[in-house]
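Structure assessment
Each chain is listed here by its residues.
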Amino acid sequence: MAEGGLGDHLSLWLILPFAGMLLSVAILPLVADAWFSRHRSQAIVAAVFGAPVVVYILAVWGEAGLESVLTTAEDYVSFIILLGALFTIAGGICLLGNLLGTPRSNVTFLLIGAVLANVVGTTGAAMILIRPVLRANSERTRRAHVVVFLIFIVCNLGGLLTPLGDPPLFLGFLNGISFTWTFRLAPQWLLVNALLLVIFYAVDRYHYRREPPSALVEDVLDYVPLRIIGKVNLLLLGGVVACVALSPQLAHLGEAVHVPFLRDLLLVALAVVSLRFVPREARRCNEFAWKPILEVAILFAGIFASMLPVLEILRARGSELGLTAPWQFYWATGGLSAFLDNAPSYLTMGSAAQGFLGLPEFSGLMSSTVNGAVGWSPAAFLAAVSCGAVMMGAISYIGNAPNFMVRSIAEHHGVKMPHFFAYMGYSVVVLLPVFALVTLVFFV
């Protein structure tokens, strides 16, 4: 290979498979849902866009290509193992009961979800809370807005504080961002979630006051206190948090005892313990099924494979995009996240920031030292990319995997959810002004 990194020599045409993969994930559920919902069809799409890229990189770029493929494969396996462990363990926690569907109860659910998302992930928090929320509001005639705000907060905005919270942040963790770095996004987390909770409370009070009296009486008569089934899984979730937080120490320990991938093995062990030794009543209560996590595993295999040359190109030539300020990276990342998927959007724009700043390693984005040439520290760009990916995945149903899952569960329980563009109407009215304020406060 000539001088320079792999990304300096890859053709821009290699971006097309990645674009095709993301467009397929965004469009096929809307135009060919019956076909695309099958795992076999998803595997075909992933193979069509991912396999040729891997074969090309290996065949043409030799040892450098092999190293890049192996690194990407390792990140993919770790990514799926973490999501699988969280999905499996959280699926064994069931909240039974039927609380009152009042604005106060609903805002409490959403606040708990915003915090819980940082421990069990946005998917886990949404799966734990969606059914209790639906039961609490089952007597109400106006309840679609409750599910919409649950998607906004629990499925997206809440998961900004830890790498466990949302898949994009875990990908950053796998690429060298420390576990505690995301804690410094607490001001952004507090602002967006506080604003959304206040807006939701006002909207829910408006609708609650227009409920027929008979619905409110029935709601009171059906009240049943909450109780938790599968409490042991709470301890296992603590084990997952410990495994991820102690990843560097586990890596050194694994090398010392000649056990590679020790963290991933421990995560698998925690998931197995949850499946084998925790009573299954909670999973039956949650209507637990493997389909969602299998779908994620299949589609992200294609995304990781097709994304490989894109990341290499952006690391080498990120300065050519014309993005020069954190606010531009915030909206560029968010725009991709809203209509494609927030995890690859994070890595794509993070790599672009890395290339723009001329950083040899992705972890260099954590630096708080101001770059005199651009007037901002690398950390400002990382914060913008992180916030854009996590927050703006809420703009559409296809921005983050839990969005569609929650919508499907709500419709299964008889909630008439807004269609794709009606949901985006909520986003335009509620979310975009909040994101504009975030821009003014933090990124300009």
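The paragraphs below set out a description of the structure included in this document. (Residues numbered from 1 in each chain as written. Predicted model: local features only at pLDDT ≥ 70, side-chain atom pairs only at ≥ 80, totals over all residues. Heavy atoms only, no water.)

Attention shifts here to the layout of surface pockets. Approximately 1000 Å³ is the volume found for the largest pocket. If you list the elements that add at least two residues to the lining of the largest pocket, you get helix H1 (16-31), helix H2 (33-36), helix H3 (39-90), helix H4 (103-136), helix H13 (291-317) and helix H17 (401-412). Element by element, the count of residues in the lining of the largest pocket is highest for H17, at eight residues. Here the lining of the largest pocket is composed, by residue class, of 20 nonpolar, eight polar and eight charged. (1 Å grid on protein atoms, 1.4 Å probe; cavity = no way out; pocket = protein on both sides within 12 Å on 5 of 7 lines; lining within 4 Å. Points joined across faces, edges and corners; volume = space filled by probe spheres on them. Helix = DSSP H or I, 4+ residues; strand = E, 2+ residues; numbered from the N terminus. Nonpolar A, V, L, I, M, F, W, Y, C, P; charged D, E, K, R; others polar.)

A word on the environment of Gly372. Assignment of secondary structure puts Gly372 in the loop between helix H15 (342-357) and helix H16 (378-392). You can call Gly372 exposed: its relative accessible area is 74%. Residues Gly372 and Gly84, 288 residues apart in the sequence, show an inter-C-alpha distance of 43 Å. (Buried < 20%, exposed > 50% of the residue type's maximum accessible area, 1.4 Å probe, protein only.)

Turning our eyes to something else, we now look at the environment of Phe381. Its location among the elements puts Phe381 in helix H16. We classify Phe381 as buried; its relative accessible area is 0%. Taking C-alpha positions, Phe381 is 28 Å from Leu150, a pair spaced 231 residues apart along the chain. If we ignore the near neighbours within four places in the chain, the residues touching Phe381 are Thr324, Ala325, Pro326, Phe329, Ala353, Phe356, Leu357, Val374 and Trp376. (Contact = heavy atoms within 4.5 Å.)

Quick look at a positive patch on the surface now. On the surface, a cluster of positive charge is contributed by Arg142, Arg205, Arg209 and Arg210. As for its position among the elements, Arg210 is in the loop between helix H7 (186-208) and helix H8 (213-221). (Patch = residues over 30% accessible without salt bridge, like charges linked within 9 Å, V, L, I, M, F, W, Y side chains within 5 Å. Areas by Shrake-Rupley, 256 points an atom, 1.4 Å probe, with all protein chains shown as cover. Salt bridge = Lys/Arg side-chain N within 4 Å of Asp/Glu carboxyl O. Lys, Arg positive; Asp, Glu negative; His and termini not counted. Charge placed at Lys NZ, Arg CZ, Asp CG, Glu CD.)

This structure, assessed with the given rule, holds three cavities of 30 Å³ or more. Leu83, Thr123, Pro167, Val296 and Ala401 are the residues nearest the centre of the largest cavity, which is lined by 22 residues in total. Counting residues per element, the ones that place at least two in the lining of the largest cavity are H3, H4, H13 and H17. Per-element tally for the lining of the largest cavity: the top contributor is H4, with five residues. Looking at the lining of the largest cavity residue by residue, the class counts come to 14 nonpolar, seven polar and one charged. In this structure, the second largest cavity spans a volume of roughly 50 Å³. For the lining of the second largest cavity, the secondary structure elements donating two or more residues are helix H6 (167-174) and H16. Taken together, the residues of the lining of the second largest cavity sort by class into seven nonpolar, three polar and no charged.

Bringing the state of the cysteines into the picture now. Per the counting criterion, the structure on display carries one disulfide. In this model, Cys94 is linked to Cys285 through a disulfide, with the two sulfur atoms separated by 1.9 Å. With Cys94 in strand E1 (residues 94-98) and Cys285 in helix H12 (residues 281-285), the pair connects residues that are 191 residues apart, well separated along the chain. Assessed through its relative accessible area of 2%, Cys94 is described here as buried. (Disulfide = S-S within 2.5 Å.)

On to H7. Under the 1.5 Å per step criterion, the end-to-end length of H7 is 31 Å for 23 residues, consistent within 8% with the ideal 33 Å. Restricting attention to buried positions, one finds in H7 the residues Gln188, Trp189, Val192, Asn193, Leu196, Leu197, Phe200, Asp204 and His207. Here the buried face of H7 lies against H4, helix H5 (144-153), H16 and helix H18 (420-442). (Expected span 1.5 Å × (residues − 1).)

Enumeration over the complete set of coordinates arrives at 21 aromatic pairs. With 5.6 Å between their ring centres and 65° between their planes, Tyr76 and Phe304 make a pair best called edge-to-face. One end of the pair, Tyr76, is in helix H3; the other, Phe304, is in helix H13, with 228 residues separating them in the sequence. The pair Tyr76 / Phe304 is uniform in exposure class, with both members buried. Look at Phe442 and Phe443: their rings are 6.3 Å apart centre to centre, the planes differ by 55°, and that puts the pair in the tilted class. Overall, Phe443 belongs to the buried group, its relative accessible area being 2%. (Phe/Tyr/Trp six-rings, centres within 6.5 Å; stacked < 30°, edge-to-face > 60°.)

End to end, H13 covers 38 Å across 27 residues, agreeing with the expected 39 Å (1.5 Å per residue, within 8%). Where H13 bends most, the angle comes to about 40°, and this point is Met307, followed within four residues by the proline Pro309. With 19 of its 27 residues buried, H13 lies for the most part within the structure. (Bend = angle between axes of the 7 residues up to and from the residue.)

Opposite charge on two side chains permits them to pair, given that their charged atoms come into close proximity. As enumerated under the stated definition, the model contains four salt bridges in all. As a salt-bridge pair, Asp264 and Arg263 come within 3.3 Å of each other at their nearest N and O atoms. Here Asp264 and Arg263 have matching classes, each one buried. Ionic pairing is found between Arg407 and Glu411, a salt bridge with its closest N-O pair at 3.3 Å. Of this pair, Arg407 and Glu411 both sit in helix H17, four residues apart, which is roughly one turn of the helix. The exposure class assigned to Glu411 is partly exposed, which follows from its relative accessible area of 37%. Each of Arg140, Asp204 and Glu211 takes part in one network of salt bridges that share partners.

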